[in-house]
Amino acid sequence: MSKLLSQAEENYLKAIYKISNREGTPVSNNAISVEMKTSAASVTDMIGRLSQKDLIHYQKRKGVHLTEMGRATAVHLVRKHRLWETFLVEKLNFTWDEVHDLAEQLEHIQSRELINRLDEFLDYPKYDPHGDPIPDEHGNIAERQQVLLSQLPENAPAVVVGVKDHTTPFLQYLERTGLLLGAELTVNERLAYDNSLQLELASGEKLLVSQKVGQHLFVQKK
């Protein structure tokens, strides 16, 4: 593991890791700038600092790759963040739309012993309250067969297992509509006009959702 890093350096590593998982590598400076909501100059400065610490490889006009040490650091940050989110929801009764910012603060606690004990206390959860996989202490991540709701074939029973959009408005929307983790559903019809989806929940309730919702909700076929 790397030498002690600043919170900003850790945040950049986690951002690069997330972008690379989402879009592949190498990761462009512009993508990092958008993800971090900061200027191109700030990204360039941080890339220099992370390169000097052997946490990334950077090639001009090509982009950024995490080194083995950089990836291990990022995965550990993700592990801490998701364990803290799980703790806040399961043990302190926070709602799933309240915990992200708190976990952003808690993830910078350095004690590995504390995080391993937290993992044990929570009985080694595989997924956080948003359905995201939690890396174990060795960095292993559970794989799950899942697709976006928008890609689910019609009349194929499925269960909601995760969200792609963690923003408060989206999570609150899911609360209101009952599309929570574990909800069972079927796509009865995909409307040609705007690709909105006519869903039927296990309760028999019918629900019309937009294409945008379908592109931000993960389901697993039953």
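Counting from 1, residues in each chain are numbered in the order their sequence is written. At least 70 in pLDDT is required for a residue's local features to be given in this predicted model, at least 80 for side-chain atom pairs to be given and counted, and no such filter applies to totals for whole chains, interfaces and linings, which use all residues. In computing side-chain values, all of the structure's heavy atoms are included and hydrogens and water are not.

**Student:** Hey, could you run me through the packing of aromatic side chains in this one?
**Tutor:** Geometrically, a pair of aromatic rings is defined through the distance of the ring centres and the angle of the planes. Working definition: a ring pair exists when centres of Phe, Tyr or Trp rings (six-membered ring for Trp) sit within 6.5 Å. Plane angles under 30 degrees give stacked, over 60 give edge-to-face, the rest tilted. The tally for this structure, following the rule as stated, stands at three aromatic pairs. Look at tryptophan 84 and phenylalanine 87: their rings are 5.8 Å apart centre to centre, the planes differ by 80°, and that puts the pair in the edge-to-face class. A residue pair is termed a helical-turn pair when its members lie 3 or 4 positions apart in one helix, as tryptophan 84 and phenylalanine 87 do in helix H4 (residues 68–90) at three residues. An identical accessibility class is assigned to tryptophan 84 and phenylalanine 87; each is buried. Site record: aromatic cluster; members linked through ring pairs are Trp84, Phe87 and Phe121. Put simply, DSSP H or I for four residues or longer makes a helix, DSSP E for two residues or longer makes a strand, and each gets a number counted from the N terminus. For every residue, the accessible area (1.4 Å probe, protein chains only) is compared with the maximum for its type, and the residue is labelled buried under 20%, exposed over 50%, or partly exposed between those bounds.

**Student:** In this structure, what is going on with the pattern of salt bridges? I would like to understand it.
**Tutor:** Any two side chains of opposite charge can pair if their charged atoms end up close together. We define a salt bridge as a contact between a side-chain nitrogen of Lys or Arg and a carboxyl oxygen of Asp or Glu at a distance within 4 Å. Following the criterion strictly, the structure yields ten salt bridges and no others. Among the salt bridges present, the one from lysine 53 reaches glutamate 9, with a minimum N-O distance of 3.0 Å. Placement of the pair is lysine 53 in the loop between helix H3 (40–52) and strand S1 (56–59) and glutamate 9 in helix H1 (residues 7–23), with a sequence separation of 44 residues. Note that glutamate 113 is salt-bridged to arginine 117, the shortest N-O span being 2.7 Å. Remark: arginine 117 and glutamate 113 occur in helix H6 (residues 112–121); sequence separation between them is four residues, near one turn of the helix. Its relative accessible area of 45% is what places glutamate 113 among the partly exposed residues. What makes arginine 117 exposed here is its relative accessible area of 56%. Salt bridges linked by common partners bring Glu9, Asp45, Arg49 and Lys53 together as one network.

**Student:** How should I be thinking about the packing of H1 against helix H2 (residues 29–36) in this particular structure?
**Tutor:** Two quantities define a packed helix pair, namely the angle between the axes and the distance from one axis to the other. The geometry of H1 relative to H2 is characterised by a closest axis approach of 10 Å and an angle of 115° between their N-to-C directions. Considering how the two elements wind past one another, H1 and H2 form a crossing that is right-handed. Across the interface between the two elements, Asn11, Tyr12, Ala15, Ile16, Lys18, Ile19, Arg22 and Glu23 from H1 touch Ala31, Ile32, Glu35 and Met36 from H2. Each residue gets one of three labels, nonpolar for Ala, Val, Leu, Ile, Met, Phe, Trp, Tyr, Cys and Pro, charged for Asp, Glu, Lys and Arg, and polar for the others, Gly among them. Among the residues making up the contact of H1 with H2, the classes are represented as seven nonpolar, one polar and four charged. Only the contacting stretch of a helix is used when fitting its axis, a line to C-alpha atoms as for every element, and angles between N-to-C directions run 0 to 180 degrees. Left-handed describes a crossing whose near helix is turned anticlockwise from the far helix through less than a right angle; right-handed describes the clockwise counterpart. Any pair of residues with heavy atoms lying within 4.5 Å of one another is described as a contacting pair.

**Student:** Looking at this model, I keep getting lost on the nonpolar core. Mind explaining?
**Tutor:** A general trend in soluble globular proteins is that nonpolar side chains are found buried together. Counting residues in each nonpolar core, the largest one holds 22 residues, and the members touching the most others are Leu149, Leu179, Leu185 and Leu199. The contacts of leucine 185, once residues within four sequence positions are left out, are Leu149, Leu152, Ala156, Pro157, Ala158, Val160, Leu179, Leu199, Glu200 and Leu201. Counting residues in each nonpolar core, the second largest holds 20 residues, with Leu5, Ala31, Leu50 and Val75 among its members. Here, nonpolar core refers to any group of buried Ala, Val, Leu, Ile, Met, Phe, Trp, Tyr and Cys residues whose side-chain atoms link them within 4.5 Å.

**Student:** For this particular structure, what's the right way to read the environment of valine 64?
**Tutor:** Secondary-structure assignment places valine 64 in strand S2 (residues 63–66). Accessibility expressed as a relative area gives 0% for valine 64, which makes it buried. Considered as a pair, valine 64 and asparagine 29 are 35 residues apart in the sequence and their alpha carbons are 7.7 Å apart. Contacts of valine 64, omitting those with residues within four sequence positions, involve Ile16, Pro26, Val27, Ile32, Ile47, Ile56, His57 and Tyr58.

All we've got here are geometric facts, nothing functional implied.
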